[in-house]
Amino acid sequence: MAKSAAGTRENPWKLKTPPGTSEYLAFRDPALDPPALVVQVGTTELRYQLRCVEDLHAMLKKHADWILLGSADEQKDAAEGTVEAWGRSPKNPVKGWYGLKKGLRGRFGMYLPPVLETLGLAEVEHNPKNNRMRAL
């Protein structure tokens, strides 16, 4: 992943999902209300609370080991003990979903790990299935 991109709307990160099957763009937009991490997948735009990057990194450091990503759409239950489950848990720092657009709040475990990897905050596996991540 290129660490040179600024991660702004004008210069977004060009990322791939952990299995490497899909490309997407991501950038920070602190001017939005609330400030957001914007993920552009084709014509679909997902938004997550911007603080999710720091919060996820803090959780990974506390976990201190590999954790399954467990990506799932909002309409499906997330597997317990995964990054996806944490991203929608009432026990996380925002007490629920980091995703901001109803109907598009899931896939936290798919789109956030490559962002943390690009920022040098985490190591992410890139296998066809059952990928994990851990803090650096």
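Preceding block: the structure.
Now for a description of the structure that goes with this document. Being a predicted model, the structure only gives us computed values, none of them experimental. (Residues numbered from 1 in each chain as written. Predicted model: local features only at pLDDT ≥ 70, side-chain atom pairs only at ≥ 80, totals over all residues. Heavy atoms only, no water.)

## Here's the deal with the pattern of salt bridges
For the structure shown, the criterion picks out nine salt bridges. Between Lys-102 and Glu-74 there is a salt bridge, with the nearest N and O atoms lying 3.8 Å from each other. Here Lys-102 is found in the loop between helix 2 (83-86) and helix 3 (108-118), whereas its partner Glu-74 is found in the loop between strand 5 (67-68) and helix 2, with 28 residues between them in sequence. Exposure remark for Lys-102: the relative accessible area of 70% places this residue in the exposed category. What makes Glu-74 buried here is its relative accessible area of 13%. Between Arg-105 and Glu-74 there is a salt bridge, with its nearest N and O atoms 2.7 Å apart. Of this pair, Arg-105 sits in the loop between helix 2 and helix 3 while Glu-74 sits in the loop between strand 5 and helix 2, and the two are 31 residues apart along the sequence. (Salt bridge = Lys/Arg side-chain N within 4 Å of Asp/Glu carboxyl O. Helix = DSSP H or I, 4+ residues; strand = E, 2+ residues; numbered from the N terminus. Buried < 20%, exposed > 50% of the residue type's maximum accessible area, 1.4 Å probe, protein only.)

## Considerations on the sheet that holds strand 3 (residues 36-41)
If you walk across this open sheet you meet the four strands as 1-2-3-4, and the pairing is antiparallel. In this open sheet, the two strands that pair with only one neighbour each are strand 1 (13-16) and strand 4 (44-49). Each strand of the sheet is rotated relative to its neighbour by a mean of 30 degrees, with strand direction disregarded. Sheet analysis places strand 1 next to strand 2 (residues 23-29), joined by four bridges and oriented antiparallel. Across the sheet, residue Trp-13 finds its bridge partner in strand 2, namely Ala-26. Of the strands in this sheet, strand 1, strand 2, strand 3 and strand 4 touch helix 3, which is tilted by about 125 degrees from strand 1. (Pairing = 2+ DSSP bridges. Axes fitted to C-alpha atoms, helices over the stretch in contact; angles between N-to-C directions. Contact = heavy atoms within 4.5 Å.)

## Here's the deal with the packing of aromatic side chains
What characterises a pair of aromatic rings is the spacing of the ring centres plus the angle enclosed by the ring planes. This model, assessed by the stated rule, comprises five aromatic pairs. A ring pair is formed by Trp-86 and Phe-108, whose centres lie 6.1 Å apart and whose planes are at 45 degrees; its orientation type is tilted. Residue Trp-86 is found in helix 2, and its partner Phe-108 is found in helix 3; the two are separated by 22 residues along the sequence. Like Phe-108, Trp-86 is buried. Feature note: the residues Tyr-48, Trp-86, Tyr-98 and Phe-108 constitute an aromatic cluster, connected by ring pairs. (Phe/Tyr/Trp six-rings, centres within 6.5 Å; stacked < 30°, edge-to-face > 60°.)

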